[in-house]
Amino acid sequence: MPSNAMRVVYSSDRSLLLRIGDEISLEAHRDILRLTPLLRNLRAVVNVHPAYASILIDFNPLETGHGDLVRAAVELYAQAAAAPLPAPHTVEIPVCYGGEYGPDLDDVAAIGGRTPEEVAAIHSGADYLVCFLGFSPGFPYLSGMPESIAASRLSTPRSRVPAGSVAIGGRQTGVYPLASPGGWRLIGRTPLRLFQPDADPPVLLRMGDHIKFVPISKGDF
């Protein structure tokens, strides 16, 4: 059986929310990682949106209903326990910390009572897991950031965050693939392009990937 209990919520007339467990965990992530591709193959499913501990299913109500979809999801959830996990894929992301590329690094350090160099070392010394992509194309929501460098979001979000910005928002860290508004604190930037619309696939990272941030100098950037 899967490692977590699954609860079903009718979220709209054309969507269904599957809650996997009660908290962010590696077990929930693995259940979601196995179940998501199975759900995508269901008839009438328009889109599947995995998150830390839930999956939102959009479906065509002219082709199926909540009841049939619930029965199919429950059956697939039981099957997912035996499905293999994708082969681990590790991606190294070079990051220039601080300065013009990380204007909030000093503030993050002050919040935690550390030096900017310590924050950069702690951030780059951890191992991260891509739990899901969202917010903008290719934006990775990562688990694994040490709580010692957690920092609250900005009280007023920036109207424009440069593409490649590495940021901390609360107990999470991520990378902005595109220039966009954002309220997370910027601690560095990567020259790596996480989203390229002409590439196949257009996003660099996938759910289940392992991430390692590698410090680089301004010259290397």
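Anything mentioned here points back to the structure above.
The structure presented is a predicted model; accordingly, all values stated were derived computationally and were not measured.

> Looking at this structure, how should I read the overall build of the protein chain?
When its secondary structure is counted, the protein chain shows 4 helices and 13 strands. Expressed along its principal axes, the backbone C-alpha trace of the protein chain runs to roughly 55 × 35 × 35 Å. Counting over 221 residues, the protein chain shows a buried share of 46%. When the accessible area of the protein chain is evaluated, it comes to approximately 11,000 Å², of which 52% is carbon and sulfur surface. Charged side chains of the protein chain number 19 positive and 22 negative; the gap between the two group centres comes to 3 Å.

> Could you clarify how one ought to interpret helix α1 (residues 26-40) in this entry?
Residues spaced three or four apart along an α-helix face the same direction, because each turn holds 3.6 residues. With 15 residues, α1 extends 22 Å between its outermost C-alpha atoms, agreeing within 8% with the 21 Å of an ideal straight helix rising 1.5 Å per residue. Turning to α1, the residues buried within the fold contact β1 (6-12), β2 (15-20), β3 (45-50), β4 (54-59), α2 (66-80) and β6 (128-133).

> I would appreciate a short explanation of the nonpolar core in the present structure.
Grouped together as the largest cluster of nonpolar side chains are 31 residues, with contacts concentrated most on Leu18, Leu35, Leu39, Ile55, Ile57 and Tyr176. Listing elements by their share of this core, those giving two or more residues are β2, α1, β3, β4, α2 and β6. In terms of residue count, the dominant contributor to this core is α2 (6 residues). Beyond its immediate sequence surroundings of up to four residues, Ile55 is in contact with Leu16, Leu17, Leu18, Ile32, Leu35, Thr36, Leu39, Val48, His49 and Pro50.

> Which parts of the structure should I look at to understand the side chain of Arg185?
Structurally, Arg185 is set in strand β12 (residues 185-189). Reaching out from Arg185, the side chain makes a polar contact with the backbone oxygen of Ser152 at a distance of 2.5 Å. In contact with Arg185, other than residues within four places in its own chain, are Asp104, Asp107, Val108, Ile111, Ala151, Ser152, Arg153, Leu154, Val166, Ala167 and Ile168.

> Quick question: what am I supposed to make of the packing of aromatic side chains here?
In the structure shown here, the tally under the stated rule is 11 aromatic pairs. Ring geometry for Phe135 and Phe139: centres 5.3 Å apart, planes at 80°, overall edge-to-face. You can call Phe135 exposed: its relative accessible area is 52%. One aromatic cluster is present, built from ring pairs that chain together Tyr52, Phe132, Phe135, Phe139, Tyr141, Tyr176 and Trp184.

> Please clarify how helix α3 (residues 105-112) should be interpreted in this entry.
Considered for burial, the residues of α3 that qualify are Leu105, Val108 and Ala109. Projected down its long axis, α3 shows its buried positions confined to an angular sector of 100°, all on one face. With respect to the buried face of α3, the exposed residues turned more than 90 degrees away are Asp106 and Ala110. Next to the buried residues of α3 lie β5 (90-97), α4 (116-125), β9 (165-169) and β12. Of the residues flanking the end of α3, it is Gly113, one or two places downstream, whose phi is positive at about 70°.

> Could you clarify how one ought to interpret the environment of Gly183 in this entry?
With respect to the element layout, Gly183 can be found in the loop between β11 (180-182) and β12. Judged by relative accessible area, which is 15%, Gly183 ranks as buried. Beyond its immediate stretch of four places on either side in the chain, Gly183 contacts Arg153, Leu154, Pro157 and Tyr176.

> In this structure, what is going on with a negative patch on the surface? I would like to understand it.
Together, Asp106, Asp107, Glu117 and Glu118 make up a negatively charged patch on the protein surface. Of all the secondary structure elements, the ones that give two or more residues to the negative patch are α3 and α4. Examined against the element boundaries, Asp107 turns out to sit in helix α3.

Rules behind the numbers
Residues numbered from 1 in each chain as written. Predicted model: local features only at pLDDT ≥ 70, side-chain atom pairs only at ≥ 80, totals over all residues. Heavy atoms only, no water. Helix = DSSP H or I, 4+ residues; strand = E, 2+ residues; numbered from the N terminus. Buried < 20%, exposed > 50% of the residue type's maximum accessible area, 1.4 Å probe, protein only. Areas by Shrake-Rupley, 256 points an atom, 1.4 Å probe, with all protein chains shown as cover. Lys, Arg positive; Asp, Glu negative; His and termini not counted. Charge placed at Lys NZ, Arg CZ, Asp CG, Glu CD. Expected span 1.5 Å × (residues − 1). Contact = heavy atoms within 4.5 Å. Core = buried A, V, L, I, M, F, W, Y, C linked by side-chain atoms within 4.5 Å. Polar contact = N/O pair within 3.5 Å; in protein donor to acceptor, adjacent residues only side chain to side chain. Phe/Tyr/Trp six-rings, centres within 6.5 Å; stacked < 30°, edge-to-face > 60°. Arc of directions from axis to C-beta. Patch = residues over 30% accessible without salt bridge, like charges linked within 9 Å, V, L, I, M, F, W, Y side chains within 5 Å. Salt bridge = Lys/Arg side-chain N within 4 Å of Asp/Glu carboxyl O.

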